[in-house]
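Structural description and commentary
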There are 4 protein chains.
Amino acid sequence: MRSAGAEEASRWLHYGLTSNDIVDTAQALLVGQASELIENGIAGLAEVLERRAFEFKDTVQIGRTHGIHAEPITFGLKLALWYDELQRNLHRFREASLEMRVGKISGAVGTFGHIGPEAEERICARLHLEPAPIASQVISRDRHAHYLSALALIAATLEKIALEIRHLQRTEVREAEEPFAPGQKGSSAMPHKRNPVTCEQICGLARVVRSNLQAAFEDIPLWHERDISHSSVERIILPDSTILVDYMLAKTQWLISGLRISAARMQQNVELTKGLIFSGQLLLDLSAAGMLREDAYKVVQGHAMESWESGIGFQAAIEADPEVRKYLNQNQIAESFSVRRYLIHVDRIFQRVFRTTTAY
Amino acid sequence: MRSAGAEEASRWLHYGLTSNDIVDTAQALLVGQASELIENGIAGLAEVLERRAFEFKDTVQIGRTHGIHAEPITFGLKLALWYDELQRNLHRFREASLEMRVGKISGAVGTFGHIGPEAEERICARLHLEPAPIASQVISRDRHAHYLSALALIAATLEKIALEIRHLQRTEVREAEEPFAPGQKGSSAMPHKRNPVTCEQICGLARVVRSNLQAAFEDIPLWHERDISHSSVERIILPDSTILVDYMLAKTQWLISGLRISAARMQQNVELTKGLIFSGQLLLDLSAAGMLREDAYKVVQGHAMESWESGIGFQAAIEADPEVRKYLNQNQIAESFSVRRYLIHVDRIFQRVFRTTTAY
Amino acid sequence: MRSAGAEEASRWLHYGLTSNDIVDTAQALLVGQASELIENGIAGLAEVLERRAFEFKDTVQIGRTHGIHAEPITFGLKLALWYDELQRNLHRFREASLEMRVGKISGAVGTFGHIGPEAEERICARLHLEPAPIASQVISRDRHAHYLSALALIAATLEKIALEIRHLQRTEVREAEEPFAPGQKGSSAMPHKRNPVTCEQICGLARVVRSNLQAAFEDIPLWHERDISHSSVERIILPDSTILVDYMLAKTQWLISGLRISAARMQQNVELTKGLIFSGQLLLDLSAAGMLREDAYKVVQGHAMESWESGIGFQAAIEADPEVRKYLNQNQIAESFSVRRYLIHVDRIFQRVFRTTTAY
Amino acid sequence: MRSAGAEEASRWLHYGLTSNDIVDTAQALLVGQASELIENGIAGLAEVLERRAFEFKDTVQIGRTHGIHAEPITFGLKLALWYDELQRNLHRFREASLEMRVGKISGAVGTFGHIGPEAEERICARLHLEPAPIASQVISRDRHAHYLSALALIAATLEKIALEIRHLQRTEVREAEEPFAPGQKGSSAMPHKRNPVTCEQICGLARVVRSNLQAAFEDIPLWHERDISHSSVERIILPDSTILVDYMLAKTQWLISGLRISAARMQQNVELTKGLIFSGQLLLDLSAAGMLREDAYKVVQGHAMESWESGIGFQAAIEADPEVRKYLNQNQIAESFSVRRYLIHVDRIFQRVFRTTTAY
């Protein structure tokens with residue numbers, strides 16, 4: 001990247017442009033190239049997310065809130081949600097990138113003191129840049145901070161994905177696993193130990209990108225027609241942040257693409273609480289069948305708490321409760337404990353997220 | 001704001017919605033109301049900036065880079081640049097606000113387990129919200145971080161404006177002054193002392209809004225279908241940041257609206273270096289007149305340095321230099337020291353910034 | 001707090017002090033009071049951590065790295081590590097608080113222009129403050145940023161504690177649980193659902209305190225003998241951060257004090273991998289018994305991978321392997337799979353952490 | 001640095017240590033070396049600050065608050081204040097560095113599962129490190145965040161110094177100037193233009209170091225006995241922050257050492273307001289001489305405002321006011337306008353700051 005910019009710059013010097021004009025306009029070109037790579041990275045990841053979302057559209061998994069089992073979902077829904085978030089990031093990043101596609105050939109204080117606006121317009125057109133409508137010695141740095149915030153948002157979404165996989169790879173959960181090459185060694189001390197190190201790395205790097213954003217905001221209020229304090233900052237945070245996000249996107253694509261999923265473990269974990277996750281549905285069904293909500297709550301909570309503490313099956317206890325059986329028969333109780341009822345709208349959600357018809 | 005949301009919420013409970021759905025959807029309404037106030041604030045400030053930009057379109061002022069006198073600008077250009085930056089912020093803020101105008105009535109883990117998507121769509125339509133295409137227990141928090149970043153960008157632009165006025169109000173500069181009520185007392189110890197305290201406050205508060213952004217980013221990667229760690233954060237940073245930005249916009253509007261400008265001091269400061277600021281133009285003119293650039297540079301720098309150190313008038317020294325006079329006559333030298341030449345494109349820049357014809 | 005400061009301030013005005021001197025010196029008193037509360041909070045939490053550390057000194061738990069089971073630890077070790085970290089925070093906070101215990105009665109620009117240094121020394125002595133050796137109009141703000149960083153460090157340690165408990169309370173882990181009052185209701189939808197909401201709140205608030213730190217650092221480089229930009233910042237971040245940390249300390253003390261621990265679940269989780277966690281020790285024992293390390297690694301990894309994938313008991317497979325039995329007999333293998341061997345140094349670690357003999 | 005660490009590490013592998021132990025302990029050695037360089041940098045800068053503080057101890061300069069002229073100070077006082085702040089930073093940095101001088105050879109989860117504490121103690125002693133009293137797989141990361149905060153505090157003080165010089169080098173102020181080599185070229189467009197680019201760079205880099213701190217705080221709450229998310233962060237922020245601070249210290253030492261001061265300009269600026277800066281003292285003297293404070297305030301403010309707006313000399317106007325002359329004669333008025341009275345405590349302040357007798 002650097003050498004292409006330098007070459008371009010040397011060509012410009014022949015036209016008599018000042019160094020400030022060249023630096024900012026060259027930066028726009030470099031950022032433009034970086035943005036293209038990042039857009040491609042987002043598109044590549046989105047494609048993989050979509051493919052795997054449809055693959056696991058109906059793979060039942062327990063939904064967890066506060067780390068506690070709540071109600072069933074499907075693993076495909078998780079992937080679809082990430083896809084949806086990534087689409088927003090794509091839109092934001094495009095908007096922010098566009099703001100960076102501006103050149104500036106307006107001289108030492110932005111007045112076109114020595115070369116007129118026509119030259120700026122002509123040069124920018126040649127470079128596929130928009131001329132900044134107005135500038136001081138430099139292009140306003142709100143554009144750069146906005147760009148960095150779009151990068152930090154992408155990084156945070158990747159962190160969210162990586163964090164989820166770390167959770168799912170826990171020894172107690174084991175529903176998903178980072179790709180692991182057949183010949184790859186595990187931990188040297190513990191041969192079986194496969195650690196989600198790529199996910200952990202993505203989480204860490206998101207912190208770095210997010211931190212850089214802070215410095216980018218401090219660059220906005222420069223003195224008068226410019227001071228150069230932003231320059232040393234940008235030499236660090238612009239390459240670092242674009243390169244890191246590009247790397248993180250590639251890693252996440254690799255991660256999702258090769259992610260090992262155990263549908264069997266997901267099913268086991270759905271059943272881990274022996275029916276407790278259906279207590280909310282049971283409550284509604286009892287009320288609908290005529291039981292007073294207060295009474296229903298007391299009965300359900302009683303069995304639920306006992307089952308939680310003792311490990312006794314919740315569904316069995318409910319079936320054996322004569323008070324319950326006044327309102328619900330065996331089939332109706334089975335219906336209350338049915339995963340299927342929770343998932344009848346999955347297709348509808350997928351239609352919302354993946355609006356256009358796809359080949360899957 | 002809070003009571004309106006509470007009332008709305010209680011109405012919803014009659015429909016059997018869960019608390020999480022209500023909280024997030026009510027938040028969308030509250031943020032929507034706050035966003036309207038802030039958009040109005042931006043519009044109000046933009047109007048004032050535009051009016052005063054045209055008022056000072058031709059008021060000559062020295063342009064400064066690195067805090068050092070560079071080339072002439074007009075004070076109207078500064079205001080126009082702020083207007084331009086504010087328009088970008090308006091666009092960004094609208095985009096980010098739109099992302100916050102989503103409701104979510106999809107139950108404990110986002111599957112519409114107990115109430116179908118139609119209810120969500122109907123309720124959201126009534127509330128002028130879009131239904132989130134997909135959600136977990138909560139609406140994804142990337143939207144909130146994006147919203148906070150748009151607020152922090154506004155705050156940074158206001159900081160930039162306030163910082164500039166603080167610079168212009170310095171005792172040595174005295175080109176601008178914060179509005180000062182006739183009866184208002186100055187410093188108690190020094191009766192004449194008028195401090196740009198509102199500008200300083202705006203600079204300080206921008207730091208706070210910018211800091212809040214950091215916490216908003218950390219809220220994105222929640223666990224699984226949600227953990228509630230974001231809630232305590234948002235209870236602080238959402239009201240604080242929206243209220244602060246609303247306040248800062250109002251203060252900046254007051255500031256720009258009543259800003260006291262001394263065109264006389266601006267003119268004095270343009271002349272402060274006794275012509276040194278024209279050395280760049282002189283260099284070009286000497287070269288154009290046939291002097292070797294190396295020679296021109298040596299002559300100009302020699303007089304410039306001597307003038308800078310001794311305080312002797314630079315223009316006078318140039319006029320008296322026989323080497324210079326070989327290439328430029330009295331009139332031509334006067335032309336080299338003409339402010340007018342720097343400002344011939346001001347109208348063109350104004351046309352670029354204020355694209356549509358205005359009444360001014 | 002505020003009224004005490006105001007009263008003190010009005011008394012000072014009688015002595016003819018300027019408002020800047022009063023504000024900064026009063027702030028020192030207020031921060032001093034807040035610091036005392038926070039120090040007490042740290043001490044209270046440390047006491048509880050120490051007590052419970054000794055209570056669970058020998059309660060075996062699986063150690064986890066990367067979220068994957070590694071080698072056994074005891075739960076007491078976790079508590080002891082938090083205690084150790086908290087002691088560092090106590091030391092840091094005391095140092096930072098001391099730096100804030102300075103007064104300043106040196107006039108508009110710190111020169112004692114109208115009242116001499118003796119008055120400052122006398123007044124400070126009366127208020128149990130040190131006079132700042134040198135000041136501008138205000139006390140230098142590096143002290144404040146340092147103080148905020150000490151608060152943010154405390155908050156981060158509390159976040160670390162809260163995060164760990166959230167992990168241990170996961171449905172799949174269930175080794176620990178936030179205190180839960182007998183009459184307290186669970187989730188309204190799912191009666192049995194107990195969520196670690198206090199822990200999640202602590203994690204969220206740590207983000208806020210950490211964010212405030214950023215603003216505190218930006219307050220350091222004020223203009224010349226002071227600008228007032230720091231004031232609006234401090235009015236928000238100083239009370240917010242001290243109050244939040246005080247609250248978080250109290251909540252964490254409540255949390256640790258009433259934390260519900262299941263030693264049975266901890267034991268079950270130690271056994272969850274059916275012996276895999278001892279593979280590292282087995283490897284060492286086989287090598288010590290004469291097997292080539294490469295061979296030992298191949299044998300151990302083979303059984304380990306098979307056990308991990310299939311769920312077959314690892315220890316049983318090892319016992320049945322004739323290659324292994326050439327080097328280790330039944331008793332020696334049992335010794336390789338012994339938790340006890342990992343924990344022989346726990347007392348020594350406790351002695352290091354709780355240096356002085358305690359009553360436990 | 002890196003190769004020294006690698007060599008040390010390979011020696012350790014012979015003792016059978018695990019990689020985690022080596023990485024953290026090697027990091028302690030590397031950070032120790034970096035800390036030494038930084039401590040030397042602080043000492044070097046402190047020496048220069050002290051020398052120049054005494055050089056300019058009595059060089060009168062106007063004190064500015066809010067950017068507005070307030071009361072006289074000396075330039076030496078500014079330098080002494082920076083020295084004082086730097087001493088605090090030295091103390092903090094030493095404390096934070098000490099916390100990083102800990103090693104850790106306690107195995108995969110910190111239990112000394114395979115090698116006992118004696119080995120750790122022996123190895124650490126050899127390396128001049130303290131053994132961490134307790135650790136998980138890694139040394140607790142609160143130490144690292146503390147270390148980064150000490151670095152960010154140093155950076156902020158350097159930023160404060162650099163910002164002040166940028167202010168003093170402004171064309172309208174011209175009291176100080178960055179060192180400028182005789183042969184060094186100014187701006188290419190404007191030969192006389194000397195920009196404080198080193199100061200601006202220091203201001204920018206302080207933002208970067210401060211940003212890195214944010215990531216360091218997020219590294220504290222790792223999962224259980226460790227996750228590796230901190231590692232990618234530290235590979236960036238630890239070398240970057242230490243190298244940047246080392247560089248900034250060296251640059252600031254160069255800056256202060258060669259700083260060009262114009263005592264003449266300082267004097268001119270003291271006189272810029274034609275006596276207005278003495279209005280506070282005059283007020284006190286009139287009151288002391290028996291004039292009612294309300295009357296004195298009215299008279300002083302009247303002349304002050306007129307002088308401020310019109311540029312008429314304030315002292316002259318006061319001398320000509322018959323109301324004033326009832327209370328103060330010519331000599332007494334001269335005394336009110338005496339710079340000397342403001343500076344009688346400068347030596348005392350220097351004694352406070354530079355406690356031990358020095359050669360200057």
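Details of the structure are given in the entry above.
Every value quoted in this text rests on a predicted model; they were computed, and no experiment measured them. (Residues numbered from 1 in each chain as written. Chains lettered and ligands numbered in written order. Predicted model: local features only at pLDDT ≥ 70, side-chain atom pairs only at ≥ 80, totals over all residues. Heavy atoms only, no water.)

Scanning chain A for helices and strands turns up 14 helices and six strands. Computed over its C-alpha atoms, the radius of gyration of chain A comes to 28 Å, more than 25% above the 21 Å expected for a compact globule of 360 residues. With 360 residues in all, chain A has 66% of them scored as buried. Within chain A, residue pairs in contact and separated by at least 24 positions form 76% of the contacts whose partners lie at least 6 positions apart. For chain A, the exposed surface amounts to about 12,600 Å²; the carbon and sulfur share of it is 53%. Side chains of chain A give 40 positive and 45 negative charges; the mean places of these two sets differ by 5 Å. (Helix = DSSP H or I, 4+ residues; strand = E, 2+ residues; numbered from the N terminus. Rg over C-alpha atoms; globule rule 2.2 N^0.38 Å. Buried < 20%, exposed > 50% of the residue type's maximum accessible area, 1.4 Å probe, protein only. Contact = heavy atoms within 4.5 Å. Areas by Shrake-Rupley, 256 points an atom, 1.4 Å probe, with all protein chains shown as cover. Lys, Arg positive; Asp, Glu negative; His and termini not counted. Charge placed at Lys NZ, Arg CZ, Asp CG, Glu CD.)

A few words now on the interface of chain D and chain B. Interface size, as often reported, equals the accessible area lost upon joining of the parts. Tallying the contact residues gives 49 residues for chain D and 49 residues for chain B. Across the chain D to chain B interface the summed buried area is about 4,400 Å²; carbon plus sulfur atoms make up 54%. In this assembly, chain D and chain B are joined by six salt bridges. Glu-309 of chain B is paired through a salt bridge with Arg-194 of chain D; the nearest N and O atoms lie 3.5 Å apart. Those elements giving two or more residues to the side of chain D that touches chain B turn out to be β1 (60-65), β2 (68-74), α5 (142-169), α6 (197-218), α9 (279-288) and α10 (293-310) of chain D. Counting residues per element, the side of chain D that touches chain B draws most heavily on α10 of chain D, which supplies eight residues. (Buried area = accessible area lost by both parts, 1.4 Å probe. Salt bridge = Lys/Arg side-chain N within 4 Å of Asp/Glu carboxyl O.)

Let's shift gears to the packing of helix α7 (residues 229-258) of chain B against helix α7 (residues 229-258) of chain C. Where α7 of chain B meets α7 of chain C, the closest approach of the two axes is 14 Å, and the angle between their N-to-C directions is 175 degrees. Classified by the angle between their axes, α7 of chain B and α7 of chain C sit roughly antiparallel to one another. Residues Ile-236, Asp-240 and Leu-244 of chain B of α7 of chain B lie in contact with α7 of chain C, whose contacting residues are Ile-236, Asp-240 and Leu-244 of chain C. For the contact of α7 of chain B with α7 of chain C, the residue count by class is four nonpolar, no polar and two charged. (Axes fitted to C-alpha atoms, helices over the stretch in contact; angles between N-to-C directions. Parallel < 35°, antiparallel > 145°, perpendicular 65-115°, else oblique. Nonpolar A, V, L, I, M, F, W, Y, C, P; charged D, E, K, R; others polar.)

With respect to the helices and strands, the residue Arg-64 of chain A is situated in strand β1 (residues 60-65). Along the backbone, Arg-64 of chain A and Gln-351 of chain A are 287 residues apart, and their C-alpha atoms lie at a distance of 24 Å. Residue contacts for Arg-64 of chain A: discarding those within four places in its chain leaves His-69, Ala-70, Leu-168, Val-173, Glu-175 and Asn-269 of chain A, Trp-223, His-224, Glu-225 and Arg-226 of chain B together with Arg-170 and Glu-172 of chain C. One polar contact links Arg-64 of chain A to Glu-172 of chain C, side chain to side chain, over a distance of 2.7 Å. (Polar contact = N/O pair within 3.5 Å; in protein donor to acceptor, adjacent residues only side chain to side chain.)

Moving on, we get to the relation of the copies chain A and chain B. Superposition of chain A onto chain B requires a rotation of 180 degrees combined with a translation of 0.0 Å along the rotation axis, giving an RMSD of 0.1 Å. Such a combination of rotation and displacement between the chain copies is what one expects of a two-fold axis. Measuring from the rotation axis to each C-alpha of chain A, the shortest distance belongs to Ser-149 of chain A, at 3.4 Å. When you check the interface residues of chain A against chain B, 100% turn up at the interface there too, and the contact is symmetric in its surfaces. (Least-squares fit on C-alpha atoms with pLDDT ≥ 70 in both.)

Both copies of the chain are related by a screw-like operation: a rotation about an axis and a shift along it. Between chain D and chain B, the superposition needs a rotation of 180 degrees and an axial shift of 0.0 Å, giving an RMSD of 0.1 Å. In this assembly, 100% of the residues forming the interface of chain D have copies in chain B that are likewise at the interface, indicating an isologous arrangement.

Pairing between side chains of opposite charge can happen when the charged atoms of each approach one another. Taken as a whole and assessed by the stated rule, the structure comprises 128 salt bridges over all chains. Among the ionic pairs, Glu-225 of chain C bridges to Lys-78 of chain D, the shortest N-O distance being 2.9 Å. Highlighted residues: Glu-225 of chain C in the loop between α6 (197-218) and α7 and Lys-78 of chain D in helix α3 (residues 75-100), drawn from two different chains. Salt bridges sharing partners connect three or more residues here, namely Asp-84, Arg-88 and Arg-92 of chain A together with Glu-99 and Asp-142 of chain B.

To continue, consider the interface of chain A and chain B. Facing 81 residues of chain A, the contacting portion of chain B comprises 81 residues. Taken together, both faces of the contact between chain A and chain B bury some 7,100 Å²; the carbon and sulfur share is 58%. For chain A, the biggest contributors to the area lost against chain B are Ile-134, His-224 and Arg-352 of chain A; these three give 11% of the whole. Across the chain A-chain B interface, the total number found is 16 salt bridges. Listing elements by their share of the side of chain A that touches chain B, those giving two or more residues are β1, β2 (68-74), α3 (75-100), α4 (117-126), α5 (142-169), α6 (197-218), α9 (279-288) and α14 (346-353) of chain A. The element best represented in the side of chain A that touches chain B is α5 of chain A, accounting for 14 residues. Split by residue class, the side of chain A that touches chain B holds 34 nonpolar, 21 polar and 26 charged.

The next point concerns unusual backbone geometry. Its identity as a non-glycine residue notwithstanding, Arg-174 of chain B has a phi of 50 degrees, on the positive side. Relative to the helices and strands, Arg-174 of chain B is located in the loop between α5 (142-169) and β5 (176-177). Positive phi, normally seen in glycine, also occurs at His-128 of chain C, with a value near 55 degrees. Among the structural elements, His-128 of chain C can be located in the loop between α4 (117-126) and β4 (130-131). For His-128 of chain C, a relative accessible area of 63% translates into the label exposed.

Before going further, it helps to examine the pairing of β1 of chain D. Residues and elements named next belong to chain D. Burial runs high along β1: six of the six residues are buried. Judged from the five bridges that link them, β1 and β2 form a sheet pairing that is antiparallel. Of the residues in β2, the one forming a bridge with Arg-64 is His-69. (Pairing = 2+ DSSP bridges.)

To continue, consider helix α8 (residues 263-270) of chain B. All names here are of chain B. Every buried residue belonging to α8 is among Met-266, Asn-269 and Val-270, and all of these are buried. The arc that holds every buried residue of α8, seen down its axis, measures 105 degrees, which confines them to one face. Buried residues belonging to α8 abut β1 (60-65), β2 (68-74), α3 (75-100) and β6 (260-261). (Arc of directions from axis to C-beta.)

Another point: the pairing of β2 of chain A. Counting buried residues in β2 of chain A gives seven out of seven residues, a clear majority hidden from the surface. Taking the residues that link successive antiparallel strands as the turn, the β1 of chain A-β2 of chain A hairpin has two residues, and the phi of His-66 of chain A there is positive, at about 60 degrees.

All names here are of chain D. In this structure, Asn-212 sits in helix α6. You can call Asn-212 buried: its relative accessible area is 4%. Here Ser-241 takes part through its side chain, which lies 2.9 Å from a polar atom of the side chain of Asn-212. Beyond its immediate sequence surroundings of up to four residues, Asn-212 is in contact with Leu-148, Ile-237, Asp-240 and Ser-241.

What follows is about the packing of aromatic side chains. The way to describe two aromatic rings as a pair is by their centre distance and the angle between their planes. Tallying each qualifying case throughout the model produces 36 aromatic pairs over all chains. With centroids separated by 5.1 Å and ring planes inclined at 80 degrees, the aromatic side chains of Phe-54 of chain C and Phe-350 of chain C adopt a geometry described as edge-to-face. With Phe-54 of chain C in helix α2 (residues 19-55) and Phe-350 of chain C in helix α14 (residues 346-353), the pair connects residues that are 296 residues apart, well separated along the chain. Given a relative accessible area of 3%, Phe-350 of chain C falls into the buried group. Aromatic pair Phe-54 of chain C and Phe-354 of chain C: ring centres 5.0 Å apart, planes at 50 degrees, arrangement tilted. You can see Phe-54 of chain C sitting in helix α2 and its partner Phe-354 of chain C sitting in the segment after α14, a full 300 residues away along the chain. Owing to a relative accessible area of 5%, Phe-354 of chain C belongs among the buried residues under this scheme. Cluster of aromatic residues (ring-pair linked, three or more members): Phe-54, Tyr-83, Phe-350 and Phe-354 of chain A. (Phe/Tyr/Trp six-rings, centres within 6.5 Å; stacked < 30°, edge-to-face > 60°.)

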